[in-house]
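One letter stands for each residue in the lines below.
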There are 4 protein chains.
Amino acid sequence: MSKNDSTPLAHLADIPSGFRQLIGFRLTEWKQGEATLSLTVGPRHLNRNGVVHGGVLTTLIDAAGGYAGCYCPHPNRVRRTATVSLATQFIAPGRNGEIVARARVRGGGRRIFISSVEVLDAGGKLLALGEGVYRYSSGSEKPDGTPVERKGETRGTDLG
Amino acid sequence: MSKNDSTPLAHLADIPSGFRQLIGFRLTEWKQGEATLSLTVGPRHLNRNGVVHGGVLTTLIDAAGGYAGCYCPHPNRVRRTATVSLATQFIAPGRNGEIVARARVRGGGRRIFISSVEVLDAGGKLLALGEGVYRYSSGSEKPDGTPVERKGETRGTDLG
Amino acid sequence: MSKNDSTPLAHLADIPSGFRQLIGFRLTEWKQGEATLSLTVGPRHLNRNGVVHGGVLTTLIDAAGGYAGCYCPHPNRVRRTATVSLATQFIAPGRNGEIVARARVRGGGRRIFISSVEVLDAGGKLLALGEGVYRYSSGSEKPDGTPVERKGETRGTDLG
Amino acid sequence: MSKNDSTPLAHLADIPSGFRQLIGFRLTEWKQGEATLSLTVGPRHLNRNGVVHGGVLTTLIDAAGGYAGCYCPHPNRVRRTATVSLATQFIAPGRNGEIVARARVRGGGRRIFISSVEVLDAGGKLLALGEGVYRYSSGSEKPDGTPVERKGETRGTDLG
């Protein structure tokens, strides 16, 4: 992911939450109704079988699905969300390499939205499926976001 | 959690998986059909709103539910499992302090089991609900586990 | 369930929806944050194995969880809701006899609530677990309901 | 759906279960890893708001996902399954007309499979999303099915 501050995604990448930093995923695609997170799997993501821990997959699904509903085309504005429920089906074990979580909004309205997410490995193999229900935080319901002025941040979600 | 090697749980605590080490939860209660995980929430578990990240809660639920079905009373034996699906409802935001995930097996048979899990904060407030479907790994179906001879390990699951 | 029009539940029982009539469940307990539905299992509820169809159980869970969040103590008022998501775990096969779905609200706020539901047979055996996310319809957010004047109806939900 | 007994689907259609008869859905497409159910919505499928009851949608999802994993190309053989868990997201209200539930298997092995299902109205609008975990009944694990000789039945599932 680009470190260039002139790209919209750079701002999010620069100010990750504690947990996002811990996991180390990156927001690599983001547009209206869609988001993709990428993760370079390392030893810290594995369980004792040497496969990606289920908690890593649910974290990616949770975050990707939320980002998909929070895109705001206006700089200096932000939409915020919180997850209400999350359903995950684990399809195949993930191993070392890059994995991506691709999310898209499937429905919803001003206050709630629903995303579905697929997690794939570098070879395109399906690792997990997820579906999340999210609610917009107060003031974040409008597609054009809520103007914010956080120091060093121009756009984001609560999902980081 | 005791570091005393003479307690059954100590062995698991001593050899956590990469991801379990990263999150830092401890298996604090474990018996037939039940398990409790504990986590001391720190900055690395939080999202940018300062509340516990959803991925932390799903990780606890995933792991606690699996442990609940893998207890084996026999030393030097192990039961292994993999999560098939996980459903989580997020009830209230979690903040600093201790949180616990209490799981119990609700049904199942030789090959599959279903656990339900509640995540509570130190004051007993419900933070999240979860339900998981797990399958036993080959050789782990029997309640008396499968004899193992892993160096430095006497009992455990794949959930770490 | 009583047919006595002087009981609060009678009104709901008298005006079931098409699908509720088809399935034939009754609302047998209803108070703040809780609801119980009862069903007398008959041949029409069974699959070809002679056990209660999964769709019957999900219907009971869906409806019971919604009722739990829609109780209104004031006569002539109504709270309405719609299901956003539903997760069900099937624990054991159900057979002929009475089954009940017991729901209680586990969390939520003015716009959304979350219920968990257990379906039990006459012997108290757990048949299924469910958790639902529901949103209140406009005007139904307040615990004291919304005044209504539907002909022949004094209270209810959209769940029937 | 054809009533011609020479088509594979005809047999299933002729011997529906009690609940399948009650709901009235038809199996209109069925091949390896995929299944489509169709339903002509009538008053009996509606809730008191005049929209398709959530229980109708979960029933279609449950059954379609199960059929998708039970197709057997050999006549006179049958594969049987039971649902372990089901997750549903309700996207939009359904009204009168035809609705279809399109399922496909997303993963699994000899004993368990996972399907995802979309329910669409006649105009192609997404009404609901579902994901199910199913287990094969004993003897049904093999893709070529288990030979059976039920009177008047040549192929089917337990899902009806």
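Residues numbered from 1 in each chain as written. Chains lettered and ligands numbered in written order. Predicted model: local features only at pLDDT ≥ 70, side-chain atom pairs only at ≥ 80, totals over all residues. Heavy atoms only, no water.

### Overview of the overall build of chain A
Then comes step 1: When helices and strands are tallied, chain A shows three helices and eight strands.
Then comes step 2: In sequence order, the secondary structure elements of chain A are arranged as α-α-β-β-α-β-β-β-β-β-β.
Then comes step 3: Counting over 160 residues, chain A shows a buried share of 61%.
Then comes step 4: Here the contacts in chain A between residues at least 6 apart in sequence split such that 65% fall between residues at least 24 apart.
Then comes step 5: Entry remark: accessible area of chain A is about 6100 Å², with carbon and sulfur atoms responsible for 49%. (Helix = DSSP H or I, 4+ residues; strand = E, 2+ residues; numbered from the N terminus. Buried < 20%, exposed > 50% of the residue type's maximum accessible area, 1.4 Å probe, protein only. Contact = heavy atoms within 4.5 Å. Areas by Shrake-Rupley, 256 points an atom, 1.4 Å probe, with all protein chains shown as cover.)

### With respect to the packing of helix α3 (residues 54-68) of chain A against helix α3 (residues 54-68) of chain B
Then comes step 1: Two elements in contact, α3(A) and α3(B), have axes whose closest approach is 8 Å; the angle formed by their N-to-C orientations is 145°. Relative to α3(B), α3(A) is oriented so that their crossing is right-handed. Where α3(A) abuts α3(B), its residues A:Gly54, A:Gly55, A:Thr58, A:Thr59 and A:Asp62 lie against B:Gly54, B:Gly55, B:Thr58, B:Thr59 and B:Asp62.
Then comes step 2: Of the residues in the contact of α3(A) with α3(B), the class split is no nonpolar, eight polar and two charged. (Axes fitted to C-alpha atoms, helices over the stretch in contact; angles between N-to-C directions. Left-handed = near helix turned anticlockwise from the far one by under 90°. Nonpolar A, V, L, I, M, F, W, Y, C, P; charged D, E, K, R; others polar.)

### Some thoughts on the relation of the copies chain B and chain C
Then comes step 1: Superposing chain B onto chain C requires a rotation of 180° together with a translation of 0.0 Å along the rotation axis, leaving an RMSD of 0.0 Å. Expressed as a symmetry operation, the mapping of one chain copy onto the other fits a two-fold axis. Closest approach to the rotation axis within chain B is made by the C-alpha atom of B:Ala87, at a distance of 3.3 Å.
Then comes step 2: Interface overlap between copies: 100% of the residues of chain B at the interface are likewise at the interface in chain C, consistent with a symmetric, same-surface contact. (Least-squares fit on C-alpha atoms with pLDDT ≥ 70 in both.)

### Overview of the packing of aromatic side chains
Residues and elements named next belong to chain A.
Then comes step 1: Applying the stated criterion across every chain, the model contains 16 aromatic pairs over all chains.
Then comes step 2: On the numbers, 4.9 Å between centres and 35° between planes, the contact of Phe-113 with Tyr-136 is tilted. With a gap of 23 residues between them, Phe-113 in strand β6 (residues 112-121) and Tyr-136 in strand β7 (residues 126-136) connect regions that are remote in the sequence. You'll find Phe-113 and Tyr-136 in the same group, each marked buried. (Phe/Tyr/Trp six-rings, centres within 6.5 Å; stacked < 30°, edge-to-face > 60°.)

### Some details on α3(B)
Then comes step 1: Helix length check: α3(B) (15 residues) gives 21 Å between terminal C-alpha atoms against 21 Å at 1.5 Å per residue, within 8%.
Then comes step 2: The buried count for α3(B) comes to 15 of 15 residues, which makes it a mostly enclosed element. (Expected span 1.5 Å × (residues − 1).)

### Considering the sheet that holds strand β1 (residues 26-31) of chain B
Then comes step 1: Read across the sheet, 12 strands follow the order β1(A)-β2(A)-β5(A)-β6(A)-β7(A)-β4(A)-β4(B)-β7(B)-β6(B)-β5(B)-β2(B)-β1(B) without closing on themselves; strand pairing throughout is antiparallel. Each edge of the open sheet is held by one strand with a lone partner, namely β1 (26-31) of chain A together with β1 of chain B. Strand-to-strand twist across the sheet, computed as the mean angle between neighbouring axes with direction ignored, equals 20°. (Pairing = 2+ DSSP bridges.)

### Topic: the nonpolar core
Then comes step 1: Formed by 70 residues in total, the largest nonpolar core has its most connected members in C:Leu37 and D:Leu37.
Then comes step 2: Residue contacts for D:Leu37: discarding those within four places in its chain leaves D:Phe25, D:Arg26, D:Leu27, D:Thr28, D:Leu60, D:Ala63, D:Ala64, D:Tyr67, D:Ile99, D:Val100 and D:Ala101.
Then comes step 3: Judged by nonpolar contacts, the second largest core, of 69 residues, contains A:Leu39, B:Leu27, B:Ile61 and B:Ile99. (Core = buried A, V, L, I, M, F, W, Y, C linked by side-chain atoms within 4.5 Å.)

### Digging into the interface of chain B and chain C
Then comes step 1: In this complex, chain B contributes 12 residues to the contact, which on the side of chain C involves 12 residues.
Then comes step 2: Where chain B meets chain C, there are two salt bridges.
Then comes step 3: The partner of C:Arg106 in a salt bridge is B:Glu118, and the shortest N-O contact between them spans 2.8 Å.
Then comes step 4: Mapped by element, the contributors of at least two residues to the side of chain B that touches chain C are β4 (81-90), β5 (97-108), β6 (112-121) and β7 (126-136) of chain B. (Salt bridge = Lys/Arg side-chain N within 4 Å of Asp/Glu carboxyl O.)

### Structural notes on the pairing of β7(B)
Residue and element names in this part refer to chain B.
Then comes step 1: Taken across its 11 residues, β7 has 10 buried, putting it largely inside the fold.
Then comes step 2: Examined bridge by bridge, β4 and β7 share nine bridges and lie antiparallel to one another. Looking at the pairing, Leu-86 lines up with Gly-132 of β7.
Then comes step 3: Summarising the sheet, β6 and β7 pair through nine bridges and their orientation is antiparallel. Note that in β7 the partner of Glu-118 across the bridge is Leu-129.
Then comes step 4: Connecting β6 to the next strand, β7, in antiparallel fashion are four residues, including Gly-124 with a positive phi near 85°.

### Comments concerning the sheet that holds strand β6 (residues 112-121) of chain C
Then comes step 1: Taken in spatial order, the 12 strands make up an open sheet running β1(C)-β2(C)-β5(C)-β6(C)-β7(C)-β4(C)-β4(D)-β7(D)-β6(D)-β5(D)-β2(D)-β1(D), and their pairing is antiparallel. In the strand order of this sheet, the two ends are held by β1 (26-31) of chain C together with β1 (26-31) of chain D, each with one partner. Within this sheet the neighbouring strands show an average axis-to-axis angle of 20°, counted without direction.
Then comes step 2: Bridge count between strand β4 (residues 81-90) of chain C and strand β4 (residues 81-90) of chain D: five bridges; the pairing is antiparallel. Paired with C:Ala87 across the bridge in β4(D) is D:Ala87.

### Quick word on the confidence of the model for chain A
Residue and element names in this part refer to chain A.
Then comes step 1: Averaged over all residues, the pLDDT of chain A is 82; the fraction at 70 or higher stands at 78%.
Then comes step 2: Counting contacts from residues 1-15, a segment whose pLDDT is below 50, to residues more than four positions away or on other chains yields 29 contacts.
Then comes step 3: Contacts from residues 149-160, a stretch scored under 50 in pLDDT, to residues over four places away or in other chains number 53 contacts.
Then comes step 4: This prediction of the complex comes with two scores: 0.85 for pTM and 0.82 for ipTM. (pLDDT = per-residue confidence, 0-100.)

### Some thoughts on the environment of A:Leu46
Then comes step 1: Structurally, A:Leu46 can be placed in the loop between β2 (34-41) and α3.
Then comes step 2: For A:Leu46 and A:Glu98, which are 52 residues apart along the polypeptide, the C-alpha to C-alpha distance reads 13 Å.
Then comes step 3: A:Leu46 has contacts with A:Val41, A:Val51, A:Val52, A:His53, A:Asn96, B:Ser17, B:Gly18 and B:Phe19, leaving out every residue within four places of it along the chain.

### Description of the state of the cysteines
Then comes step 1: Counting across every chain of the model gives zero disulfides over all chains.
Then comes step 2: As a non-bridged cysteine, B:Cys70 has B:Cys72 as the owner of its nearest cysteine sulfur, 9.7 Å distant. (Disulfide = S-S within 2.5 Å.)

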